[in-house]
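# A structural walkthrough
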Amino acid sequence: ADLALGDASADVNTKPWLSAIVEPSDAPRAEPAAPDLSVRLERVFGVQVSSAREAIAYNVLGEVIWPSACTCVVYSKQTHSQRFFLNHTAEVTCVAVSPDGRLVASGEKGARPVVRIWDAQTCVELKVLGPFHRQGIACVAWSEDSKTVAMVGRDIEHSVSVWSSATGGWDDARRVAYAPGNHEAVYFITFLDDRFWGPAAQPQSSSGQGATPAHPGFLFATGGVDHVKFWSMEGRTLTASRALWGSVGRVQPMLCGCATGPRLVTGSVSGHLYVWRGRRCEKIIRAHESNVTSLYATETGVVSGGGDGFVKLYSSSLEHLRSYGLHEAQVPPLRPGVKAVCAGLDKDGVNITKIVVATESAEVYELAKDSGNWTLLGEGHYSQPQDGAGGELWGLAPHPTNPDIFATAGDDATVRIWSISQGRLLRKAQLDCATRCVTWNPSGTRLLVGLGGSCRGVRQKKDGAFMMLHSETLEVLYEGRDARHWLREVKYSPDGQSFACASQDQKIYLYDNRQNIMRAKCDKHNSYVTSLDFSDDGAYVQSDAGDFEHLYHSATDGQYFKLPSQLKNVRWFSWSCIYGWPVQGIWPTINVERDPNDPLPPDPTSAHRSFNQDLVAVGYQDGQGRIFRYPCITKAAQSIPLTGHVADMPSVRFMCDDTHLITVGKADRAICVWKIIR
């Protein structure tokens, strides 16, 4: 095989696994061509609620749009199917649909972010706005005629820019104005009704020199930490006027806002709605027991969502009409706080008939206004409050015999079982500790879950413990603990007689499955163990570690094999290691003459061999995935790319019939289901 690794001695010092590469006696010929198949994204589980604002909307067909990782999902309730907008290359931070429901503006995170304008029905991109802002797009809004978009950046000044299309087709879009926004964070932007806020509605004063120039009126409003601003535009100049709080309310962060006729309504952290006429605070309304997290306005009413788990409906004059509690749903959310709301109108486009709601625990519900019935549209893993937006998803395991079912486990302390054909969650278990690895026993009757792990590096009370769950009821059957630190990987032997737990404490613990007693320990690693595999006969274990070591041990007594050549012809039941002879071609080639200022190509973070042993799927640090032919032993190997995640892919897995591939994103907590078409 062509290693193409430059100075071999230097590479072996930095990556010791290279010294463990021994070619088997019956080594196949290298095949550098890409696999003869195509891959299609079939479904995405998960909603980006922790880091995206106002992250849900209806399009003109009544389909629901939400962001997940760097993908925008368009979900049809009628057909229970998804379409995708896949042009973003970074995490989607905000989504806004035009008032007519035909266009979408979605912003992203990144050093030089852009806003993409695309068709809400066909998911075809029409225009890219930018790059202009820095660090990311905080929020975006449409004008009533769908010809103007305003956005706020995440840079230090939270700059505001306005983009316009004269025709409304957006192929002629250009930036028409920009200005610094506010040094404090900006959480919302909303356009104001020209009939009540435009030049004709503004008072004009006169002096001895004659009438003063007419006020240009206010075009849109922004708000955030301790401020609300009203913006007017003259030519290419944006001018902000601060809100006048008066003695009615108190200055505090405003998390959301919407305009309804002559009023601007903003939602505060105290649970009150602040109502503004002109720049002055007219009144405040007690709305929620916790933060007002989301507001949405139509011609006939206003919808509010709060951290208390209630959605409230108001008339256009802000009279309270009805309250709806998420605890009333048939399948209540794990965390009922509302993150985003959007209202759907009847065929005449006048009255509200339905409301779509996203919760803190990443569920999406549709609420029928009249009956008050909640329908669960989608759900996914979420980030715990103590983790901010940093909770992660690591664990993934396909069912050993059923090609339709797979399990996931995450930092939200849940184990979930999903169906590909039904496109939904079948059942979930709430544990008392975060979990980052899960696997099935060979018969598919039990789940083995490894506990512990935290994105903040905080010790958990059950770090290093493992649980056995009944796969149908998810009842805990057994719980044990021998490791000192959290578990990174768990695996059953092919015959199901034993299992192994790989820990952050640099050891692999081998157990007898009949009595669940530890029978051996593999302790030759010098860093945390990242992955492991059993041989076909269950006699050996191979494992990767964080210091680029690839070691071999006996699965019976934990004996270490110093010479990799002793096991060069061993057949491995599975292959999930990123080091080794069959996967040496998945590593990028580093040019020794490259500019030292250039970033290094991303390293692999996960791998999995197909059950037919003809493909290997690989996840990389940049969130990209690739499918190679197996074995992949040449740097010239071509691959099929997979795009959908934001950063590290901690796990990729083929289903047992190789018709689907599942990938999970560590930071975005998205689960992507890929259809493999041969």
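Owing to the predicted nature of the structure, the values given are computational and were not obtained by experimental measurement. (Residues numbered from 1 in each chain as written. Predicted model: local features only at pLDDT ≥ 70, side-chain atom pairs only at ≥ 80, totals over all residues. Heavy atoms only, no water.)

## Some details on the packing of aromatic side chains
Applying the stated criterion across every chain yields a total of 29 aromatic pairs. Relative to phenylalanine 561, the ring of tyrosine 540 lies with its centre 5.5 Å away and its plane at 70 degrees, an arrangement referred to as edge-to-face. Of the two residues, tyrosine 540 is situated in strand β45 (residues 540-545) and phenylalanine 561 in the loop between β46 (550-554) and β47 (604-609); the sequence distance between them amounts to 21 residues. An aromatic cluster of at least three residues, connected via ring pairs, comprises Trp197, Phe218, Phe230, Trp245, Tyr274 and Trp276. Over the aromatic face of tryptophan 163 sits the side chain of arginine 175, whose NZ or CZ is 5.8 Å from the ring centroid. The ring of tryptophan 486 has arginine 436 sitting right over it, with the charged end atom 5.0 Å from the ring centre. (Phe/Tyr/Trp six-rings, centres within 6.5 Å; stacked < 30°, edge-to-face > 60°. Helix = DSSP H or I, 4+ residues; strand = E, 2+ residues; numbered from the N terminus. Lys NZ or Arg CZ within 6 Å of the ring centre and 35° of its normal.)

## Looking at the pattern of salt bridges
Evaluated as defined, the whole model comprises 26 salt bridges. Arginine 436 serves as the salt-bridge partner of glutamate 392, at 3.1 Å between the closest nitrogen and oxygen. Placement of the pair is glutamate 392 in the loop between β31 (374-378) and β32 (393-398) and arginine 436 in strand β36 (residues 435-440), with a sequence separation of 44 residues. Aspartate 648 is paired through a salt bridge with lysine 666; the nearest N and O atoms lie 3.3 Å apart. With aspartate 648 in the loop between β50 (640-642) and β51 (651-654) and lysine 666 in the loop between β52 (660-664) and β53 (671-677), the pair connects residues that are 18 residues apart, well separated along the chain. Given the relative accessible area of 22%, aspartate 648 is considered partly exposed. One salt-bridge network, in which partners are shared between bridges, spans Glu379, Asp412, Arg416 and Lys428. (Salt bridge = Lys/Arg side-chain N within 4 Å of Asp/Glu carboxyl O. Buried < 20%, exposed > 50% of the residue type's maximum accessible area, 1.4 Å probe, protein only.)

## Quick look at the pairing of β36
With six of six residues buried, β36 is to be regarded as a mostly interior element. Looking at chain direction, β36 and strand β37 (residues 446-451) are connected through five bridges and run antiparallel. Across the sheet, cysteine 437 pairs through a bridge with glycine 450, a residue of β37. What sits between the antiparallel neighbours β36 and β37 is a turn of five residues, in which glycine 444 has the positive phi angle 75 degrees. (Pairing = 2+ DSSP bridges.)

## Notes on the sheet that holds strand β23 (residues 280-286)
Backbone hydrogen bonds are what pair the strands of a sheet, in a parallel or an antiparallel way. Pairing is antiparallel across the open sheet formed by four strands, whose spatial order is β20-β21-β22-β23. Both edges of this open sheet fall to β20 (254-260) and β23, since each of them pairs with a single strand only. Going across the sheet, the axis of each strand differs from the next one's by a mean of 25 degrees, ignoring polarity. By the bridge criterion, four bridges tie strand β21 (residues 263-268) to strand β22 (residues 272-277) in an arrangement that is antiparallel. Opposite valine 265, over in β22, you have valine 275 as the bridge partner. (Axes fitted to C-alpha atoms, helices over the stretch in contact; angles between N-to-C directions.)

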